[in-house]
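Results of the structural survey
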Amino acid sequence: MTLQQEIVGNAMQMAVVNLQPGQTVYCEAGKFLFKTTNVTMETRLSGPSGSGGQQGQGGGGGMGGLLRQAMGTAMQVGQRVLAGESLAFQYFTAQGGQGTVGFAGVLPGEMRALELDGTRAWFAEKDAFVAAESTVDFGIAFTGGRTGMSGGEGFVLEKFTGHGTVIIAGAGNFIDLNPADFGGRIEVDTGCVVAFEEGIRYGVQRVGGLNRQGIMNAVFGGEGLSLATLEGDGRVILQSLTIESLANALKKAQGGDKQGPTGGLFSTHVG
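These figures come from a predicted structure and were not determined experimentally.

Formed by 20 residues in total, the largest nonpolar core has its most connected members in Tyr26, Phe129, Phe160, Val166 and Ile168. Secondary-structure elements contributing two or more residues to this core are β6 (89–94), β8 (111–117), β9 (122–125), β10 (129–133), β11 (136–142), β12 (156–169) and β15 (193–197). Those residues within four positions of phenylalanine 160 in sequence are excluded, and the remaining contacts are Leu116, Ala121, Trp122, Ala124, Phe129, Val136, Asp137, Phe138, Val166 and Ile168. Counting residues in each nonpolar core, the second largest holds 16 residues, with Leu3, Val25, Cys27 and Met111 among its members.

Locating threonine 229 in the fold gives a position in strand β17 (residues 226–231). The exposure class assigned to threonine 229 is buried, which follows from its relative accessible area of 5%. Apart from the residues within four sequence positions on either side, threonine 229 is in contact with Arg185, Ile186, Glu187, Arg201, Tyr202, Gly203, Val204 and Gln205.

Moving on: the sheet that holds strand β7 (residues 99–104). Within the open sheet, the four strands sit side by side as β1-β2-β7-β4. Their pairing is antiparallel. Bordering the open sheet on either side are β1 (4–8) and β4 (32–35), each of which pairs with just one other strand. Direction aside, neighbouring strands of the sheet carry axes that sit 20° apart on average. Judged from the three bridges that link them, β4 and β7 form a sheet pairing that is antiparallel. Looking at the pairing, lysine 35 lines up with valine 101 of β7.

With respect to the element layout, serine 226 can be found in strand β17. For serine 226, a relative accessible area of 5% puts it in the buried group. Residues serine 226 and valine 204 lie 22 residues apart in sequence; the distance between their C-alpha atoms is 6.5 Å.

For the rest of this paragraph, the subject is the pattern of salt bridges. All told, the structure shown has eight salt bridges when counted by the stated rule. The closest approach of N and O atoms between arginine 120 and glutamate 197, which form a salt bridge, is 3.0 Å. Of this pair, arginine 120 sits in the loop between β8 and β9 while glutamate 197 sits in strand β15, placing them 77 residues apart in sequence. Taking relative accessible area as the criterion, glutamate 197 reaches 14% and is therefore assigned buried. When the shortest N-O distance is used, the salt bridge between lysine 126 and aspartate 127 registers 3.4 Å. Residues joined by salt bridges that share partners form a network here, namely Arg112, Asp176 and Arg235.

Attention shifts here to the sheet that holds strand β14 (residues 185–188). Read across the sheet, three strands follow the order β14-β17-β16 without closing on themselves; strand pairing throughout is antiparallel. Looking at strand neighbours, the two that pair on one side only are β14 and β16 (201–206), the edges of this open sheet. For this sheet the average axis-to-axis angle between neighbouring strands, irrespective of direction, equals 25°. Where β16 and β17 come together, six bridges link them in antiparallel fashion. Bridged to arginine 201 within β17 is glutamate 231.

Rules used throughout
Residues numbered from 1 in each chain as written. Predicted model: local features only at pLDDT ≥ 70, side-chain atom pairs only at ≥ 80, totals over all residues. Heavy atoms only, no water. Core = buried A, V, L, I, M, F, W, Y, C linked by side-chain atoms within 4.5 Å. Buried < 20%, exposed > 50% of the residue type's maximum accessible area, 1.4 Å probe, protein only. Helix = DSSP H or I, 4+ residues; strand = E, 2+ residues; numbered from the N terminus. Contact = heavy atoms within 4.5 Å. Pairing = 2+ DSSP bridges. Axes fitted to C-alpha atoms, helices over the stretch in contact; angles between N-to-C directions. Salt bridge = Lys/Arg side-chain N within 4 Å of Asp/Glu carboxyl O.

Any functional reading would require information that these geometric values do not contain.
This is the structure we're talking about:
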C-alpha cells in the first residue's frame, strides 16, 4: 500500500501523511506535529525490524520467543544509544477510516520522500530520519574502522531497507548529484551529506597532506581536517547548510563562542 504524503512549506517544511484504514507510519520521537482523532499513537522501543510487538522469529511463542524478542529490542536500543539517536519510535495507525498525521524535522530546511523498492537500501546522516511506512526497516550503520580512522573520526549512518516510503529532512536546500556525472567521485564537507543510495562508497579523507598547504587548508579554510568522499553510480543528496555553521552563526549573534581567525579548527570564547 503506497503511502500518500505531501511535503508542504518553504523554509521549514512539513510532511502531511494521509493514512488508509489500518495503515501504519512510524517516526522518531520528537518529529510528530499533529494527527486526526481517529489515528492511534503508540510509543515503542523497537523498530519495525524488531517485530514491533509481534512474535519473535524462528522460535514460536513461549518464554524462548519472548526472550529473543526482548534481546532483539535491547540490541536495537543499544545501537541507537551509541549512535546518539532517539530511544523510542512513535507508531500511528488509522482506525475506522482515513486519517492524517503531520511530521517535521528539527532544523529549517527541506524534506524529501524516498521510495524503496527492496533492491537498494538508503543511508542517511544521523538525525535525518523523520518518518516511514511500517514496511520500511530502520537500522544503524557504523562506518568506523578505516573509514573513520582515515578522517580522524568515526561516522554513524541511518540505514533504511525494505519496501515503501521513508521521509528525511535536512538543513537549508537540497541538491541531488550522481558522482558518475563528475568522473565517479566527489568530495564534500562532512556536514553536507544528507543521504545516498546503496552502491555509493562513502569514505573520509584528510584535507591535503601534512605540508604547508595542507595545514593552511585545515586551519584557515574552515573545513577542519577531513572531507567526505562519495564514489560510484547512484543518487546522493547534499544540503546547503551544516549544523556546525548554523551553530557558529547563532553563537556569533549571541556574542558567545565565535569562530576565530583559524577557521573551523579552533574557536575563541568571548566573555
